[in-house]
Structures are given as structure tokens and as C-alpha cells.
Amino acid sequence: MGPPGVGPMDPEEVEEIQRYLPGGGTKTLRACLQCRTVMNREQFFEMGCPNCKELPMQGNDGRVVACTTANFQGFISLIRPGAFLSRFTGLEHRRPGCYALTVK
């Protein structure tokens, strides 16, 4: 893969991005306390956090509630790691997805 933002994206990469995008309304969104990934509660329960494999949230509702919060402000969609916005917000080494700007 070339430099960020250059050339077409791999279809498998696009599918992976779409898998972790939050669906539904914004009222059910939660942010991971460690990495700020934003997903639905159901997505955290089904797949766990894609960045924090050391937090075993998958299949454990108590862990999902303990490791995520609904109290966050704003979020951005990171499509290509290494782009200016990802560097500016400190997300340059994270996988594509939605991230909270601030987590309280």
C-alpha cells in the first residue's frame, strides 16, 4: 500500500472499515476509555474493541459497561491513518474507524 491518501483502497480494507463503523442512532454510541474508538454497545459486545485486544469485552456486558462510556464529545472518522487529521488528533497509528475527540 502506498502513502496515505494516495490511490484506490483495497476492497478488503473497505469491508473491514465498514464492519467497525457505528450503525443506528447516536444515542447508543459508546467510546472505549482506553483508545477512544466509537461503536454501538452491541458492537463492543459482539466484536470487542478492535484496538484494545487486552480488554476482553467480547461477550461480556459488564466489561463493555466498565471499559466504555457514553460520556464523550464529538467524533471523527479516520479513513486513512497517517493523514493530517489523524496526526493532529494523535490517532496516526490507529486502525480506520470512528474515534471520540474527548472522553470524560
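Residues numbered from 1 in each chain as written. Predicted model: local features only at pLDDT ≥ 70, side-chain atom pairs only at ≥ 80, totals over all residues. Heavy atoms only, no water.

Student: Where do I start with the overall build of the protein in this structure?
Tutor: Helix and strand counts for the protein come out as 4 helices and 5 strands. Counting the 104 residues in the protein, one finds 34% classified as buried. (Helix = DSSP H or I, 4+ residues; strand = E, 2+ residues; numbered from the N terminus. Buried < 20%, exposed > 50% of the residue type's maximum accessible area, 1.4 Å probe, protein only.)

Student: What is the right way to look at the pattern of salt bridges in this model?
Tutor: A side chain with one charge can pair with a side chain of the opposite charge if their charged atoms come near. Scanning the entire structure with this criterion turns up 1 salt bridge. For the salt bridge of Arg-41 with Asp-61, the shortest nitrogen-to-oxygen distance reads 3.0 Å. Placement of Arg-41 in helix α2 (residues 41–47) and of Asp-61 in helix α3 (residues 61–67) is noted, with a sequence separation of 20 residues between them. The exposure class of Asp-61 is partly exposed, given its relative accessible area of 36%. (Salt bridge = Lys/Arg side-chain N within 4 Å of Asp/Glu carboxyl O.)

Student: In this structure, what is going on with a nonpolar patch on the surface? I would like to understand it.
Tutor: A grouping of Phe-84, Leu-85 and Phe-88 is seen on the molecular surface, where their side chains present a nonpolar patch of about 360 Å² in accessible area. Here Phe-84 is to be found in helix α4 (residues 84–88). In this structure Phe-84 comes out as exposed when scored by relative accessible area, which is 56%. (Patch = residues over 30% accessible without salt bridge, like charges linked within 9 Å, V, L, I, M, F, W, Y side chains within 5 Å. Areas by Shrake-Rupley, 256 points an atom, 1.4 Å probe, with all protein chains shown as cover.)

Student: I tried to follow the environment of Thr-37 on my own but got confused; where do I start?
Tutor: Position of Thr-37 relative to the elements: it lies in the loop between β1 (29–32) and β2 (38–40). Under the relative-accessibility criterion, Thr-37 is labelled buried at 4%. As for Thr-37 and Ala-100, which are separated by 63 residues in sequence, their C-alpha atoms are 6.4 Å apart. Look past the residues within four positions of Thr-37 in its chain and what remains in contact with it is Arg-30, Ala-31, Cys-32, Phe-44, Cys-49, Pro-50, Asn-51, Cys-98 and Tyr-99. Looking at Thr-37, its side chain comes within polar contact range of the side chain of Asn-51, at 2.8 Å. (Contact = heavy atoms within 4.5 Å. Polar contact = N/O pair within 3.5 Å; in protein donor to acceptor, adjacent residues only side chain to side chain.)

Student: Whenever I open this one, the sheet that holds β1 confuses me. Can you help?
Tutor: Strands belonging to one sheet form pairs held by backbone hydrogen bonds; the direction of such a pair is parallel or antiparallel. The antiparallel open sheet is built from 3 strands, whose spatial order is β2-β1-β3. Edge positions in the sheet fall to β2 and β3 (68–69), since each has one partner strand and no second. Relative to β2, β1 runs antiparallel, the two sharing 3 bridges. Paired with Ala-31 across the bridge in β2 is Val-38. (Pairing = 2+ DSSP bridges.)

Student: How should the pairing of β1 be read in this particular structure?
Tutor: Moving residue by residue along a regular strand, the side chains alternate between the two faces of the sheet. The alternating pattern of β1 places Leu-29 and Ala-31 and Arg-30 and Cys-32 on opposite faces, both of which are buried. Hairpin geometry of β1 and β2 is characterised by an intervening segment of 5 residues between the two adjacent antiparallel strands and by a positive phi of about 75° at Arg-36. Here 2 bridges tie β1 to β3, and the two strands are oriented antiparallel to one another. Bridge pairing links Cys-32 to Thr-68 in β3.

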